[in-house]
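The residues making up each chain are set out below.
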Amino acid sequence: MNIRNFSIIAHIDHGKSTLADRFIEITNTIPERMMKEQYLDGMELERERGITIKAKAVRMLYTSGVDGGKYILNLIDTPGHVDFSYEVSRALAACEGAILLVDASQGVEAQTLAHAHLAQSLGLTIIPVINKIDLEHSNPDSAEEQIWEVLRSPAESSRISAKNGLGAREVLERVIREVPAPGGAADKPFKALVFDSFYDVYKGVVIFTKAVDGAISAGKYISFYSSGASYKVEEVGYLTPKLVKALSIKTGEVGYIIAGIRDIHEIKMGDTIFEKEKPVSEPLPGYKEVNPVVFAGFYPVNTTDYTALKTAIEKLNLTDSSFNFQGETSKALGFGFRLGFMGLLHLDIIRERIEREFNIPLIATNPNVIYKVLAKNRSTLKDGKYIDVTNPADFPHYGDVLDIMEPFVHATIIAPLPYMEGIMNLLKEKRGEHVKIEYISTTRVIVEYYLPLSEIIIDFYDKLKSVSKGYASFDYDPYEYRSSDMVKIEILLHAEVVDALSFIVHRSKALYNSRLLCEKLKELIPRHMFEIAVQAQVGGKIIARETIGAVRKDVLAKCYGGDITRKRKLLERQKEGKRKMKLLGSVEIPQEAFMSLLKISQNK
């Protein structure tokens, strides 16, 4: 079978999209007049940031210069960032081989390591390729040593420059020579893997799939293993990367299926499709439900934009089903939504897309993780069950909380040896637990730690880059939940709790964070006609306080002398007015205060 299904895996900015461009040019898949840089990265944000956000697939026809054979090459482009690692795993499951791309000047990075081990665990043939060898400060020999260390075996690495096309054709020939043809049997009932999908306004959900066994054509009925739902196939075809209609998709081929599905949430990544009349006994391996790990509240700056924000989130959710959302209200910020994301970059991209594509200014609350909380059941006076809490405002009363469990991750950091002291101090500050240290060359080290997820979602990445002068790379996998001494800090303004400013933090950092927040609020909130107390409380006990003084009018300005009793009378009247105002007055918090305050990193 002259089909090769392969992927390119790499760390961010190691040249993955550029190499894909060269392959498209070599195989004449896209006419030269239509070709542009980062062709597969169609989204404006992808091109601007130089990252791949969504996995893409492209079918290329290539005639080998070695044996003259005609081959179908299916390249499945993958994201490089840790937030999209599940998407990478689904894309790799649809391949038989992977090109492991490493930057000759930067060497093996954390995501390179993670993706390489993932590809090995799936049994893929790995072709090591060292890119950017034309740069002055490149060191391909060092990069090759690191690849050997990561793959645990000496493997020949192709040395290329994806930018000017040097060596790109030889890599394609290696793919044909070394990557095995897809297995599967044409005479078996149809079985296929879903590795991606997107929503088309006219056609509905377009499913990207790899046919493992059998074939499918329009007019037949398909079912999904996870949900059992059935649909009639309206169209099948290939991705070039545009949709090209075909009569059928056969064993080993990568293509798309349109079946009149209007809700993208019915499609699960990694799910198995089969023909309705010929059910399969077991699904393809590797499917799991993807659950968000980071949560944040999105509120419109102008309350009149609430309906527009709801429409914007619903439209985005059609193209990216990996985040979820639900409505929520805040006394301070009004109506908004609570969204769950795969990570901090995912959050940042969705926020930016809403602001750009729909022109809605947003206030995003500080991100937080899912805590498992065990609380007393007040109605039965017995212990309840652990419940998942994603919003600090939803935490049970402090007197009822028996235990709080927070998520930990298994973190991998790769960095040059001279920066290890700063990195170790940072990990200690973030409550890290040492796992192991491993040398991949004489100058580079792999550090593995268990870290609380709540400690890394605010400012960890920035601090890591700072202490390592930008040389360290970071990757993490969910590990487990552990009981921790976490507390909820509530901010009170004028004796009223402001729910949007509540947050969860480890008890050891509660005092510092509370003082920092109170000081910042004192600067940001304008003075009123009465004195305002800014307080932070933990478990009903005030642990930090700042006072915003009242604006005073000089009531004695008109007294140019006269009896002292006259002045005293005016001052007493002012004092009484201030007292009444303090009882009845409410504090106005400007939007700018929220926006500035929510930029404070809480876990310093």
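Everything numeric in this text was worked out from a predicted model, so none of it was measured. Each residue is numbered by its place in its chain's sequence as written, counting from 1. pLDDT decides what is reported in this predicted model: residues at 70 or higher carry local features, side-chain atom pairs at 80 or more are listed and counted, and totals for whole chains, interfaces and linings draw on all residues regardless. Side-chain numbers come from the whole structure's heavy atoms, not from hydrogens or water.

Moving on to the overall build of the protein. A run of H or I in DSSP counts as a helix once it spans at least four residues, and a run of E counts as a strand once it spans at least two, with each numbered from the N terminus. Scanning the protein for helices and strands turns up 14 helices and 31 strands. Only protein chains enter the accessibility calculation, which uses a 1.4 Å probe; a residue whose area is less than 20% of its type maximum is buried, one above 50% is exposed, and one in between is partly exposed. For the protein, buried positions account for 54% of its 604 residues. For the protein, the share of sequence-separated contacts (at least 6 apart) that also reach a separation of at least 24 residues comes to 69%. When the accessible surface of the protein is split by element, carbon and sulfur atoms take 51% of a total near 27900 Å². Here, two residues are considered to be in contact whenever any of their heavy atoms come within 4.5 Å of each other. To be clear on the numbers: accessible area is Shrake-Rupley with a 1.4 Å probe, and residue cover counts the displayed protein chains and nothing else.

What follows is about the sheet that holds strand β7 (residues 191-200). Pairing between the strands of a sheet is mediated by backbone hydrogen bonds and can be parallel or antiparallel. Here eight strands make up an open sheet; going across it, the order is β11-β10-β16-β7-β8-β15-β12-β13 and the pairing antiparallel. Each of the sheet's edge strands pairs with one partner strand only, and the pair in question is β11 (230-232) and β13 (243-246). Recorded for the sheet is a direction-independent mean angle of 40 degrees between the axes of neighbouring strands. Should DSSP find at least two bridges between two strands, the strands are taken to pair. Bridge analysis of strand β10 (residues 221-224) against strand β16 (residues 272-275) gives three bridges, and the strand direction is antiparallel. Bridge pairing links F224 to I273 in β16. Axis definition: a line fitted to C-alpha atoms, over the contacting stretch in the case of helices. Angles run 0 to 180 degrees between N-to-C directions.

On to a nonpolar patch on the surface, then. On the surface, L417, I437 and Y439 cluster together into a nonpolar patch covering about 270 Å² of accessible area. Following the sequence through the fold, Y439 ends up in strand β24 (residues 433-439). A patch is a set of surface residues, each over 30% in relative accessible area and not in a salt bridge, joined within 9 Å for like charges and within 5 Å for the nonpolar side chains Val, Leu, Ile, Met, Phe, Trp and Tyr. Within this document, salt bridges are pairs made up of a side-chain nitrogen of Lys or Arg and a carboxyl oxygen of Asp or Glu, the two lying within 4 Å of each other.

Of all hydrophobic cores here, the largest spans 45 residues; its most connected members are F298, I354, I413, I456 and F460. Sequence-distant contacts of F460, defined by excluding residues within four places in its chain, comprise I413, L426, L427, K430, L451, E455 and F474. Counting 36 residues, the second-largest nonpolar core is a separate cluster that includes A57, I76, L151 and I258. Residues enter a nonpolar core if they are buried and are Ala, Val, Leu, Ile, Met, Phe, Trp, Tyr or Cys, with the set joined through side-chain atoms within 4.5 Å.

A complete count under the given rule lists 27 salt bridges for this structure. For the salt bridge of K463 with E429, the shortest nitrogen-to-oxygen distance reads 3.2 Å. Of the two residues, K463 is situated in helix α11 (residues 460-467) and E429 in helix α9 (residues 420-429); the sequence distance between them amounts to 34 residues. With a relative accessible area of 24%, K463 lands in the partly exposed category.

This next bit is on the packing of aromatic side chains. Two rings from Phe, Tyr or Trp (for Trp, the six-membered ring) form a pair when their centres are within 6.5 Å of each other. A pair whose planes differ by under 30 degrees is stacked, one over 60 is edge-to-face, and the rest are tilted. Tallied over the full model, the rule gives 13 aromatic pairs. Relative to F337, the ring of F325 has its centre 6.2 Å away and its plane inclined at 70 degrees; by these criteria the two rings are edge-to-face. Of this pair, F325 sits in strand β18 (residues 324-330) while F337 sits in strand β19 (residues 334-341); the two residues are 12 residues apart in sequence, bridging distant segments of the chain. With relative accessibility at 26%, the residue F325 sits in the partly exposed group. Judged by its relative accessible area of 2%, F337 falls in the buried class. An aromatic cluster is defined as three or more aromatic residues linked by ring pairs; in this entry it consists of Y306, F325, F335 and F337. By definition here, charges over rings are those cases where NZ of Lys or CZ of Arg is within 6 Å of the ring centre and within 35 degrees of the ring normal. The ring of Y221 is capped by K276, whose NZ or CZ atom sits 5.8 Å from the centre of that ring. Above the plane of the ring of F408 lies R482, whose end atom (NZ or CZ) is 4.6 Å from the centre.

The next thing to look at is the pairing of strand β31 (residues 541-548). Regular strands place their side chains on alternate faces of the sheet. By the bridge criterion, seven bridges tie strand β30 (residues 532-538) to β31 in an arrangement that is antiparallel. What sits directly across from Q537, in β31, is I542. Here β30 folds back onto β31 in antiparallel fashion, the turn holding two residues, of which G539 has a positive phi close to 60 degrees.

Now for the packing of α9 against α11. Running from N to C, α9 and α11 cross one another at 155 degrees; their axes reach a closest spacing of 9 Å. Judged on the interaxial angle alone, α11 and α9 are roughly antiparallel. Taken as a pair, α9 and α11 cross one another with a handedness that is right-handed. Contact residues: G422, I423, L426, L427 and E429 in α9; F460, K463, L464 and V467 in α11. Any angle between 65 and 115 degrees counts as roughly perpendicular, while under 35 counts as roughly parallel, over 145 as roughly antiparallel, and the rest as oblique. Throughout, a crossing is termed right-handed when the near helix is turned clockwise from the far one, and left-handed when it is turned anticlockwise from it by less than a right angle.

Low-confidence regions, as indicated by low pLDDT, have predicted coordinates that should not be scrutinised in detail. On average, residues of the protein carry a pLDDT of 81, and 87% of them reach 70 or more. Across the chain, each position has a pLDDT score giving the predictor's confidence in that residue, from 0 to 100. Looking at the elements of the protein, mean pLDDT is at its lowest for helix α2 (residues 44-49), recorded as 50, and at its highest for α9, recorded as 91.

In this model helix α5 (residues 140-151) runs 16 Å from its N-terminal to its C-terminal C-alpha over 12 residues, within 8% of the 16 Å that 1.5 Å per residue would give. Looking at α5, one finds that the buried residues are P140, A143, E144, Q146, I147, V150 and L151. Burial along α5 is one-sided: seen end-on, the buried residues are contained in an arc of 160 degrees. For α5, the elements touching its buried residues are β4 (97-103), α4 (110-121), β5 (125-131), β6 (158-159) and β25 (444-452). A helix is expected to span 1.5 Å multiplied by its residue count minus one. Think of the arc as the fan of directions from the helix axis to the C-beta atoms.

Turning next to the sheet that holds β18. Spatial strand order, β18-β19-β17-β20: four strands in an open sheet with antiparallel pairing. This sheet does not close on itself; its edge strands, each paired only once, are β18 and β20 (362-364). On average, adjacent strands in this sheet sit at an angle of 30 degrees to one another, irrespective of strand direction. Here strand β17 (residues 294-300) pairs with β19 via five bridges, running antiparallel. Counterpart to F295 in the pairing with β19 is G340. In the packing of helix α8 (residues 344-357) onto the sheet, the strands contacted are β17, β19 and β20, and the crossing angle to β17 comes to about 15 degrees.

Attention now moves to a positive patch on the surface. Think of it this way: Lys and Arg go in the positive column, Asp and Glu in the negative one, and His and the chain ends go nowhere. One atom stands in for each charge, and that atom is NZ of Lys, CZ of Arg, CG of Asp or CD of Glu. Together, K553, K558, R566, K569 and R573 make up a region of like positive charge exposed at the surface. With respect to the element layout, R573 can be found in helix α13 (residues 564-584). For R573, a relative accessible area of 54% corresponds to the exposed category.

Once that is clear, we can look at the side chain of N74. When you line up the elements, N74 lands in strand β3 (residues 70-77). The class of N74 is buried, set by a relative accessible area of 2%. For N74, the side chain forms a polar contact with the side chain of N5, separated by 2.8 Å. Setting aside residues no more than four positions away along its own chain, N74 makes contact with I3, R4, N5, F6, V58, R59, G252, E253 and V254. The term polar contact refers here to a pair of N or O atoms within 3.5 Å; inside protein, the definition further demands a hydrogen-donor-capable atom paired with an acceptor-capable atom, and it admits residues adjacent in sequence only when both atoms are side-chain atoms.

In this section: the pairing of β5. Counting buried positions over the seven residues of β5 gives six, a clear majority of the element. Examined bridge by bridge, β4 and β5 share seven bridges and lie parallel to one another. Its bridge partner lying in β5, I99 is registered against I127. We call a crossover right-handed when, viewed with both strands directed away from the observer, the connection leading from the first strand over the helix to the second proceeds clockwise. The β-α-β motif built from β4, the intervening α4 and the parallel element β5 has right-handed crossover chirality. Where β5 meets β6, two bridges bridge the pair, whose relative direction is parallel. What sits directly across from I130, in β6, is R159.

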